[in-house]
Amino acid sequence: MTAVAEPTNDTSQIPAPEGSVTITVKILRFNPEIDNEPHWESYDVPALPTDRVLNLLMNIKNYADGTLSFRRSCAHGICGSDAMQINGINRLACKVLVKDLLAKDGKPTTVSVAPIKGLPTMKDLYVDMEPFFEAFRSVKPYLIAYGNEPTNERYQSAADRERFDDTTKCILCACCTSSCPVYWADGSYFGPAAIVNAHRFIFDSRDEASEERLDILNDTEGVWRCRTTFNCTDACPRGIQVTKAIQEVKRALLFKRT
Amino acid sequence: MSESLTLEKPRSPRRRAARRNNFELYSWAFMRISGLALVILVLGHLFIMNILDGGVHRINFAFVAGRWSSPFWQFWDLAMLWLAQLHGGNGLRTIIDDYARKDTTRFWLKMLLYASMAVILVLGTLVIFTFDPNITA
Ligand code: HEM
Ligand code: SF4
Ligand code: SF4
Ligand code: FES
């Protein structure tokens, strides 16, 4: 076997604004129509410290290689489309600033970008999210209430609202679930995001199906599979205390019923 | 109009309905409780056998026979045997669930695990209770 140098790509068309530095972006690329497996490609791109990784990807796509594929929509950390592994850590490309990635003392900077793990890669940086959403749907992430519909809103005290405030922030980006070693190994584990969204309703005083959801999460692929490694909490771009939410569900199962 | 076939998409995820039993809950709790007990049992065991009064060098047939003549050490060793075996076995069950790719592999690895657990538990328990200090070599 001979070592093959990573192909360098022509990036001369990318505009270089004043104050920009050239950094190398290594992207794990995969085209299912040509490639048998993913391979790394390097792009030297001019970047401002205030750029986000998403800007670099957009520049590569717009000026160097239009076939580069990735998801993004809001570009402001709201929609949860652009979860990817940046320097080995799951992040939203639209929330990572270049200045936080620059190498110390002016050394050349390399940034690696790969698709999130644990979900099938469809092309380049986008993955099939269906298994992720299937787990999400199966915890019944919607309000379930029985009896007569109230004629006005369903009131809730501030304290009751506070109980699940943290888990309302989820944007379903899959950063957490695709950083979970249990999910990598065993794709039928619900994964942290589904548990976060179950937590959102289990601890909602207006909801009446907590028992049902607790049953679902008490099962073989539920919360007991979690090994408390905190990868999910570290990955969440919304700063949700994911592992804590999972522990709260375990606690509810241990002490509130059985 | 032709009747449409309802086939699942290839590799579509399987998820069985919740079974409403607490097995995983109890096994999770057991790992924590047995772990706590093992800290005392195993570290105590290692300390007595390897460090106290000359450590391993004094272990011989008479030493073991002496210890097992006391119900206290019989109980200690029995508890250690059962807790470590069930704790380690349950831990390996988790690991098999994680890493086996096919249900058949998973099944047979677990059978192998359970069989080996049973052999060690039965054999160990038998030895602790039927140990004969007057055996002639
Ligand atoms: C010294 C005292 C011990 C403590 C406090 C302890 C504690 C624990 C706990 C809390 C877990 C569960 C981890 C999780 O589910 O997140 C665990 C897993 C495990 N333990 Fe122990 N344990 C001890 C001794 C042992 C011994 C003596 C063995 C071997 C016989 C063993 C083998 C295992 C295995 C194989 C696992 C599964 C690992 C995994 O889930 O990845 N442990 N232990
Ligand atoms: S804390 Fe639990 S859910 Fe989160 S990454 Fe670790 S094992 Fe997965
Ligand atoms: S919990 Fe955080 S990391 Fe997980 S899907 Fe929701 S927003 Fe993303
Ligand atoms: S593009 Fe919407 S979250 Fe990044």
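Residues numbered from 1 in each chain as written. Chains lettered and ligands numbered in written order. Predicted model: local features only at pLDDT ≥ 70, side-chain atom pairs only at ≥ 80, totals over all residues. Heavy atoms only, no water.

In the annotation of an unreviewed UniProt entry, chain B is listed under the name Succinate dehydrogenase hydrophobic membrane anchor subunit and assigned to Prauserella halophila. The heading Subcellular location (unreviewed entry) in the UniProt record of chain B holds the text "Membrane". (UniProt positions renumbered as here; feature names shortened; annotations may be inferred.)

As annotated in an unreviewed UniProt entry, chain A carries the name succinate dehydrogenase and comes from Prauserella halophila. Database annotation for chain A, UniProt heading Sequence similarities (unreviewed entry): "Belongs to the succinate dehydrogenase/fumarate reductase iron-sulfur protein family."

Colleague: Before we move on, could you go through the domain arrangement of chain A and cite the residues and values that matter?
Modeller: Residues and elements named next belong to chain A. With domains assigned, chain A is organised as domain 1 (21–126) and domain 2 (129–256). Listed per partner, the contact involves 15 residues of domain 1 and 16 residues of domain 2. Summing both sides of the interface, domain 1 and domain 2 together bury roughly 1200 Å²; the carbon and sulfur share of this comes to 61%. The largest share of the area that domain 1 buries against domain 2 comes from Asn 90, Lys 117 and Leu 119, three residues that together contribute 39% of it. (Domains from an automatic or database assignment. Contact = heavy atoms within 4.5 Å. Buried area = accessible area lost by both parts, 1.4 Å probe.)

Colleague: So what about the site of ligand 2? Which residues, and what values?
Modeller: Taken together, 13 residues lie near ligand 2, and Cys180(A), Cys226(A), Arg227(A), Thr229(A) and Cys232(A) sit nearest. Residue assignment for the shell around ligand 2 shows that the elements contributing at least two residues are helix H7 (231–235) and helix H8 (242–255) of chain A. (Near = heavy atom within 4 Å. Helix = DSSP H or I, 4+ residues; strand = E, 2+ residues; numbered from the N terminus.)

Colleague: An account of the environment of Met84(A) is requested, with residue identities and associated values reported.
Modeller: Looking at where Met84(A) falls in the secondary structure, it is placed in strand E3 (residues 83–86). Look at Met84(A) and you get buried, because its relative accessible area is 1%. (Buried < 20%, exposed > 50% of the residue type's maximum accessible area, 1.4 Å probe, protein only.)

Colleague: Explain the interface of chain B and chain A residue by residue, including any values.
Modeller: Taken together, the contacts link 16 residues of chain B with 24 residues of chain A. For the chain B and chain A pair, buried surface summed over both sides reaches about 1900 Å², with 50% attributable to carbon and sulfur atoms. Summed over the shared surface of chain B and chain A, the result is 2 salt bridges. Residues Arg227(A) and Asp98(B) are paired through a salt bridge, measuring 2.9 Å at the closest nitrogen-oxygen approach. Secondary-structure elements contributing two or more residues to the side of chain B that touches chain A are helix H1 (23–50) and helix H3 (71–99) of chain B. Ranked by the residues each element gives to the side of chain B that touches chain A, the list is headed by H3(B), at 5 residues. Classifying every residue of the side of chain B that touches chain A by side-chain character gives 7 nonpolar, 3 polar and 6 charged. (Salt bridge = Lys/Arg side-chain N within 4 Å of Asp/Glu carboxyl O. Nonpolar A, V, L, I, M, F, W, Y, C, P; charged D, E, K, R; others polar.)

Colleague: Which residues make up the site of ligand 3, and what values do they have?
Modeller: By nearness alone, every residue bordering ligand 3 is listed as Cys170(A), Ile171(A), Leu172(A), Cys173(A), Ala174(A), Cys175(A), Cys176(A), Ala193(A), Cys236(A), Pro237(A), Arg238(A) and Ile240(A). For the shell around ligand 3, the per-class residue count stands at 11 nonpolar, no polar and 1 charged.

Colleague: Please set out the nonpolar core residue by residue, giving values where relevant.
Modeller: All names here are of chain A. Counting residues in each nonpolar core, the largest one holds 72 residues, and the members touching the most others are Ile 27, Leu 57, Leu 217 and Val 249. No other element matches helix H5 (residues 192–202), which puts 6 residues into this core. Here this core spans two domains, since at least three of its residues come from each of domain 1 (21–126) and domain 2 (129–256). (Core = buried A, V, L, I, M, F, W, Y, C linked by side-chain atoms within 4.5 Å.)

Colleague: Give a detailed account of the environment of Arg161(A), specifying residues and quantitative values.
Modeller: All names here are of chain A. Tracing the sequence through the fold places Arg 161 in helix H3 (residues 158–162). Sequence separation of Arg 161 and Arg 206 is 45 residues, and the distance between their C-alpha atoms is 9.6 Å. With near-sequence residues (within four places) excluded, Arg 161 lies in contact with Gln 156 and Thr 168.

Colleague: Residues and numbers for the packing of aromatic side chains, please.
Modeller: Scanning the entire structure with this criterion turns up 9 aromatic pairs over all chains. A centroid spacing of 6.5 Å and a plane angle of 75° characterise the contact between Phe133(A) and Phe136(A), whose relative ring orientation is edge-to-face. Here Phe133(A) and its partner Phe136(A) are both found in helix H2 (residues 130–137), 3 residues apart, which amounts to about one turn of the helix. Under the relative-accessibility criterion, Phe133(A) is labelled partly exposed at 27%. For the ring pair Phe61(B) and Phe131(B), a centre distance of 5.7 Å and an interplane angle of 40° mean the geometry is tilted. With Phe61(B) in helix H2 (residues 61–68) and Phe131(B) in the segment after helix H4 (103–130), the pair connects residues that are 70 residues apart, well separated along the chain. Among the residues examined, Phe131(B) registers a relative accessible area of 25% and is labelled partly exposed. (Phe/Tyr/Trp six-rings, centres within 6.5 Å; stacked < 30°, edge-to-face > 60°.)

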